[in-house]
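Each chain, letter by letter, is given below.
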Amino acid sequence: MPLYKTEAIVIRTIKLGEADKIATLFTNELGKVRAVAKGVRRTKSRFGSALEPFTHINTGIFIKGSSSLYRMRDTGIIHSYHKIREDINKIAYGLYLLELVDRFLLEGDVNKGVFAFLKDTLDFLGEREDVKEIFILFGLHFLRLSGYQYKFDRCISCGDDPLIAFFSPHKGGLICNGCIRGEQRGMFPINKAVALYLNSVKNIDGMIIEPANTDIVNEAAEIIKGIFTEIIGRPLLTQEFINEIKG
Ligand SMILES: [Zn+2]
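Here the structure is a predicted model, which is why all the values come from computation and not from measurement. (Residues numbered from 1 in each chain as written. Predicted model: local features only at pLDDT ≥ 70, side-chain atom pairs only at ≥ 80, totals over all residues.)

1. Here's the deal with the overall build of the chain
Moving on, step 1. Summing up its helical and strand segments, the chain has seven helices and nine strands in all.
Moving on, step 2. Taken along its principal axes, the extent of the C-alpha atoms in the chain is 65 × 35 × 30 Å.
Moving on, step 3. Taken across its 247 residues, the chain has 32% of its residues classed as buried.
Moving on, step 4. The long-range fraction of contacts in the chain, counting pairs at least 24 apart against all pairs at least 6 apart in sequence, stands at 52%. (Helix = DSSP H or I, 4+ residues; strand = E, 2+ residues; numbered from the N terminus. Buried ≥ 20, exposed ≤ 12 C-beta atoms within 10 Å, placed from the backbone. Contact = placed C-beta atoms within 7 Å.)

The structure is reproduced here in structure tokens:
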């Protein structure tokens with residue numbers, strides 16, 4: 001197999017043997033891959049800092065012999081995202097985004113759109129302080145790219161504009177109090193103002209968002225996390241980290 005030169009974002013790593021690591025990378029050219037970084041844990045290796053989560057790198061990916069795992073070589077840092085690393089809240093939300101990408105993408109699924117979008121979002125997360133707004137916009141756009149189109153303005157069953165509503169990630173949006181009929185598993189209540197806010201921002205392609213009431217933004221971020229929890233079937237591992245730094 002040839003050597004693929006590619007940009008990549010480091011999602012996570014695990015130790016392998018005495019000196020190596022296996023990195024989960026989201027690459028532009030090959031999608032999500034796992035690749036062995038040889039010798040990376042030796043003290044003299046400059047390769048090590050390139051394998052921190054978030055780091056945007058250039059690397060060469062290849063298969064050696066009959067191995068089923070990729071190897072990495074000629075790795076250099078394009079952007080270390082040090083401004084994310086300096087802020088615990090940005091780290092927490094950044095790790096949540098990486099975990100989402102890891103959970104939703106299959107190995108080898110090339111998705112240059114998501115790659116560019118993740119890279120742009122990490123840029124914004126580094127530079128801006130409205131972390132939750134960035135998270136909400138990423139979440140909604142990522143859901144759309146993954147095929148989930150939600151209705152936040154009308155009951156998906158009767159079409160009414162409800163005063164009191166529940167939100168069903170599996171059914172595709174709001175369900176009014178009249179249509180809920182006892183079955184509330186996998187649903188959660190949603191405040192009308194929050195539904196209106198999500199409806200107004202759900203089709204924004206970029207990361208520009210009008211400032212909104214803090215309570216509404218906080219609750220909207222919780223709704224987005226609730227949607228991902230329902231789709232995945234349990235909370236993301238980084239969800240607990242976010243909860244801990246809040247407390
Ligand atoms: Zn209804």
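The discussion continues.
2. Some points on the domain arrangement of the chain
When the parts of a complex come together, some accessible area is lost, and that lost area is often used as the size of the interface.
Moving on, step 1. The assigned domain composition of the chain is domain 1 (4–80) and domain 2 (83–246).
Moving on, step 2. In this complex, domain 1 contributes 13 residues to the contact, which on the side of domain 2 involves 17 residues.
Moving on, step 3. Listing elements by their share of the side of domain 1 that touches domain 2, those giving two or more residues are β1 (4–16), β2 (20–27) and β3 (31–37).
Moving on, step 4. In terms of residue count, the dominant contributor to the side of domain 1 that touches domain 2 is β3 (four residues). (Domains from an automatic or database assignment.)

3. Description of the sheet that holds strand β9 (residues 188–190)
Moving on, step 1. Overall, mixed pairing links the four strands, which are arranged β6-β8-β7-β9 in an open sheet. Unpaired on one side and paired on the other, β6 (151–155) and β9 mark the two borders of the sheet. Each adjacent strand pair in this sheet contributes to an overall mean axis angle of 40°, direction not counted.
Moving on, step 2. In the packing of helix α5 (residues 192–201) onto the sheet, the strands contacted are β6, β7 (165–168), β8 (173–176) and β9, and the crossing angle to β6 comes to about 125°. (Pairing = 2+ DSSP bridges. Axes fitted to C-alpha atoms, helices over the stretch in contact; angles between N-to-C directions.)

4. Topic: the packing of helix α2 (residues 88–104) against helix α4 (residues 131–145)
Moving on, step 1. In the contact formed by α2 and α4, the axes pass within 10 Å of each other and the chain directions differ by 5°. Relative to α4, the element α2 is oriented roughly parallel. Residues Asn89, Lys90, Tyr93, Leu97 and Leu100 of α2 pack against Val131, Phe135, Phe138 and Phe142 of α4.
Moving on, step 2. Its residues placed into classes, the contact of α2 with α4 shows seven nonpolar, one polar and one charged. (Parallel < 35°, antiparallel > 145°, perpendicular 65-115°, else oblique. Nonpolar A, V, L, I, M, F, W, Y, C, P; charged D, E, K, R; others polar.)

5. Examining the sheet that holds β1
Moving on, step 1. The strand order around the closed barrel built from five strands is β1-β2-β3-β5-β4, with neighbouring strands paired in mixed fashion. Strand-to-strand twist of the sheet, defined as the mean angle between neighbouring strand axes without regard to direction, takes the value 50°.
Moving on, step 2. Here β3 runs beside strand β5 (residues 70–79); their pairing, made up of two bridges, is parallel. By the bridge assignment, valine 36 is partnered in β5 with arginine 71.

6. Comments concerning helix α3 (residues 112–127)
Moving on, step 1. Taking 1.5 Å as the rise per residue, α3 with 16 residues should run 22 Å; its terminal C-alpha atoms sit 23 Å apart, in good agreement.
Moving on, step 2. Along α3, the residues that are buried comprise Val114, Phe115, Leu118, Thr121, Leu122 and Leu125. Projected onto a plane normal to the axis of α3, the buried residues spread over an arc of 130° and lie on a single side. Exposed and facing more than 90 degrees away from the buried side of α3 are Lys112, Gly113, Ala116 and Glu127.
Moving on, step 3. The elements touched by buried residues of α3 are β1, β2, α1 (82–85), α2 and α4. (Expected span 1.5 Å × (residues − 1). Arc of directions from axis to C-beta.)

7. Concerning unusual backbone geometry
Moving on, step 1. At phenylalanine 54, a residue that is not glycine, the phi angle is positive and equals roughly 85°.
Moving on, step 2. Its place among the elements puts phenylalanine 54 in the loop between β3 and β4 (56–63).
Moving on, step 3. Classification of phenylalanine 54 by C-beta neighbours within 10 Å gives buried; the count is 23.
Moving on, step 4. You will see that tyrosine 81, though not glycine, has its phi angle at about 55°, which is positive.
Moving on, step 5. Looking at where tyrosine 81 falls in the secondary structure, it is placed in the loop between β5 and α1.

8. So, the packing of α2 against helix α7 (residues 237–246)
Moving on, step 1. Relative to each other, α2 and α7 sit at 165°, their axes nearing to 9 Å. Here α7 runs roughly antiparallel to α2, going by the angle between their axes. Here α2 and α7 pass one another in a crossing that is left-handed. Together, Ile88, Asn89, Ala92, Tyr93, Leu95, Tyr96 and Glu99 of α2 and Leu237, Thr238, Phe241, Ile242 and Ile245 of α7 make up the contact between the two elements.
Moving on, step 2. Partitioned by chemical class, the residues of the contact of α2 with α7 number nine nonpolar, two polar and one charged. (Left-handed = near helix turned anticlockwise from the far one by under 90°.)

9. What about the environment of leucine 30?
Moving on, step 1. Position of leucine 30 relative to the elements: it lies in the loop between β2 and β3.
Moving on, step 2. C-beta crowding within 10 Å serves as the criterion here: with 18 such atoms nearby, leucine 30 is assigned to the partly exposed category.
Moving on, step 3. In sequence terms leucine 30 and lysine 5 are 25 residues apart; their C-alpha atoms lie 9.8 Å from each other.
Moving on, step 4. If sequence neighbours within four positions are ignored, leucine 30 has contacts with Tyr4, Thr6, Ile61, Gly108 and Val110.

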